[in-house]
Amino acid sequence: MNKKIKSALISVFNKDGLPNIIQLLHSLGIKIYSTGGTQKFIEELGVSCIAVESLTSYPSILGGRVKTLHPSVFGGILGRRDNEKDVEEMSQYNIPEIDLVIVDLYPFEETVLSTNDEVAIIEKIDIGGPSMIRAAAKNFKDVVVVAAKKDYADLEKILTEQKGETILEQRKSFAIKAFDVCTGYDIAISNYFNKTDFYNPFSGQKNPLRYGENPHQQATFYGSINDNFVQLHGKELSYNNLVDADAAIQLMNEFSSLSPVFAIIKHTNVCGIAGGQSLKQAWDAALQGDPESAFGGVLIANVEIDKETAVAINELFFEVLIAPSFNDDALQILKTKKNRIILQHKATTSSIYQSKSILNGTLTQQNDEGNFVEWKETGGADSTEIEKENLAFANIICKHLKSNAIALVKNKQLIGKGCGQTSRIDSLRQAIEKAKQFNFDLDGAVLASDAFFPFDDCVKIAHAAGITAFIQPGGSIRDKDSIEYCKQNNLVMVLTGMRHFKH
């Protein structure tokens, strides 16, 4: 059932990525309710909003511990629009309907990592946030809930393309992600109080593997593989299978299930990826991007594998296939190869941190969340809507390639890439050569770089090959050289303000 968003409640700790959403809501005439710092942030954007206190008739009390825990807020979220009694009571008590909830959570895990002060840690246990998220997710028949910054792009697309109208499948998809956010948050809190080191690579269930990266290396996976996958067919997962599967899932998590995307991973790098009107179309385009490297790779899709796609995939030798589901005919076809690993991916929430063993210790860092801080058009031409789509697509791909990384995209298809090179210009040459090797026309293609261009040579070489639009973080003391070349030649140059090194 279609639902029109008429009102929104926004209360977030991290404001990154929020301005575009606010402006879209405002342009659609959607009423905005907010609290404290978020309310101030919205008003500084020149958008009016209604203080939650005007609903509750109570100020924020107990040092901010109680702000939204009130029937006027939760009634507006939980009220069933098709339930006559609910509607009657909402009217009786002047409770407004709230159709969209955008809430994130206090940074509990970050606080645990940054201090041993128990008082500070406990104050970062969010109460109202998870309650609002769970309430909105429970009432997904009527309410849209967005509980993570990485889902802003999906919401922005709905607001832009559907003018604020949502379908049930979209609301349910957001709800599932929201429950996952709450689950991960609760686990982190439980781990803290149980004195479990959830950043210890040797905590969790012990799963001995056949061998490590090479046959002479012993290996063990600490954790629950079954929490991540249902293995539907094939041999036991190896160390390399797990590493590539992780890279594949990290990449595919960047894309919503609103339109089909298919990707092929080899040694943790993307060697083929494309979007399409159908999954079969996305598969064909992904394979076309580099049919040589696809041999023996790990395949992943963001939607159910159908029979037509399974028939096509079955012609290729591959190690692993990952998808959220498989129809019966597709599964029967794919099971014809004895050792082929088929995994049904569960919607799981991983830690927001990653770790790496180095020297005599362990490095820990936050995951690389988000794709850009800003979208700043600095070239001689502004990007068209099609170029914007391709630039955003290329930027995501580049983020998941080993540095130095260059991705060339046309029609939401990776047509050339260079990665793992010691200079950016070598990665560019590799990307162009790959595209030529498989007879792609680079005229009108776009280019993404994981870090800034130190000189204007990359832009000049790419332009000579036919590329007309660029996306990169910027930040070089010589940014102006590349920008000036784009201005002189009517080329698009977008600066994102966010670097994506990957080692």
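Quick note: structure is the one above.
Basis of the calculations
- Residues numbered from 1 in each chain as written.
- Predicted model: local features only at pLDDT ≥ 70, side-chain atom pairs only at ≥ 80, totals over all residues.
- Heavy atoms only, no water.
- Helix = DSSP H or I, 4+ residues; strand = E, 2+ residues; numbered from the N terminus.
- Buried < 20%, exposed > 50% of the residue type's maximum accessible area, 1.4 Å probe, protein only.
- Contact = heavy atoms within 4.5 Å.
- Core = buried A, V, L, I, M, F, W, Y, C linked by side-chain atoms within 4.5 Å.
- Pairing = 2+ DSSP bridges.
- Axes fitted to C-alpha atoms, helices over the stretch in contact; angles between N-to-C directions.
- Salt bridge = Lys/Arg side-chain N within 4 Å of Asp/Glu carboxyl O.

A short note on the environment of Phe-440
Then step 1. You can see Phe-440 is positioned in the loop between helix H17 (424-437) and strand E21 (446-449).
Then step 2. Assessed through its relative accessible area of 14%, Phe-440 is described here as buried.
Then step 3. Distance in space between the C-alpha atoms of Phe-440 and Ile-415 is 6.6 Å, their sequence separation being 25 residues.
Then step 4. Setting aside anything within four residues of it in sequence, one finds Phe-440 in contact with Gln-288, Gly-289, Gln-413, Ile-415 and Ala-435.

Here we look at the nonpolar core
Then step 1. One finds Leu-251, Phe-255, Val-270, Ile-273, Ile-322 and Ile-397 to be the most contacted residues of the largest nonpolar core, which totals 41 residues.
Then step 2. Counting residues per element, this core draws most heavily on helix H12 (residues 239-252), at seven residues.
Then step 3. Ignoring anything within four residues of it in the chain, the contact list for Val-270 reads Leu-251, Ile-264, Ile-265, Ile-397, His-400, Leu-401, Leu-414 and Lys-417.
Then step 4. Core analysis: the second largest hydrophobic core is formed by 30 residues, Ile-125, Met-132, Ala-136 and Ala-178 among them.

Some remarks on the sheet that holds strand E11 (residues 261-266)
Then step 1. Within the open sheet, the six strands sit side by side as E10-E15-E14-E13-E11-E12. Their pairing is mixed. Because the sheet does not close on itself, it has two edges, and the strands there are strand E10 (229-233) and strand E12 (269-275). For this sheet the average axis-to-axis angle between neighbouring strands, irrespective of direction, equals 20°.
Then step 2. In the sheet, strand E13 (residues 298-301) pairs with strand E14 (residues 320-323) via three bridges, with the strands oriented parallel. Directly across from Leu-299, in E14, lies its bridge partner Leu-321.
Then step 3. Those strands touched by H12 are E10, E11, E12, E13, E14 and strand E15 (341-345), and its axis lies near 145° from that of E11.
Then step 4. Against the sheet, helix H13 (residues 279-289) makes contact with E11, E12 and E13, and its axis sits at roughly 30° relative to E11, the strand it touches most.

Looking at the pattern of salt bridges
Then step 1. The tally for this structure, following the rule as stated, stands at 20 salt bridges.
Then step 2. Residue Lys-410 pairs with Asp-441 through a salt bridge whose shortest N-O separation is 3.9 Å. Placement of Lys-410 in the loop between strand E19 (406-409) and strand E20 (414-418) and of Asp-441 in the loop between H17 and E21 is noted, with a sequence separation of 31 residues between them.
Then step 3. Assessed through its relative accessible area of 46%, Asp-441 is described here as partly exposed.
Then step 4. Here the residues in one salt-bridge network are Arg-81, Glu-97 and Asp-99, joined through shared partners.

Just distances and angles here, no functional claims.
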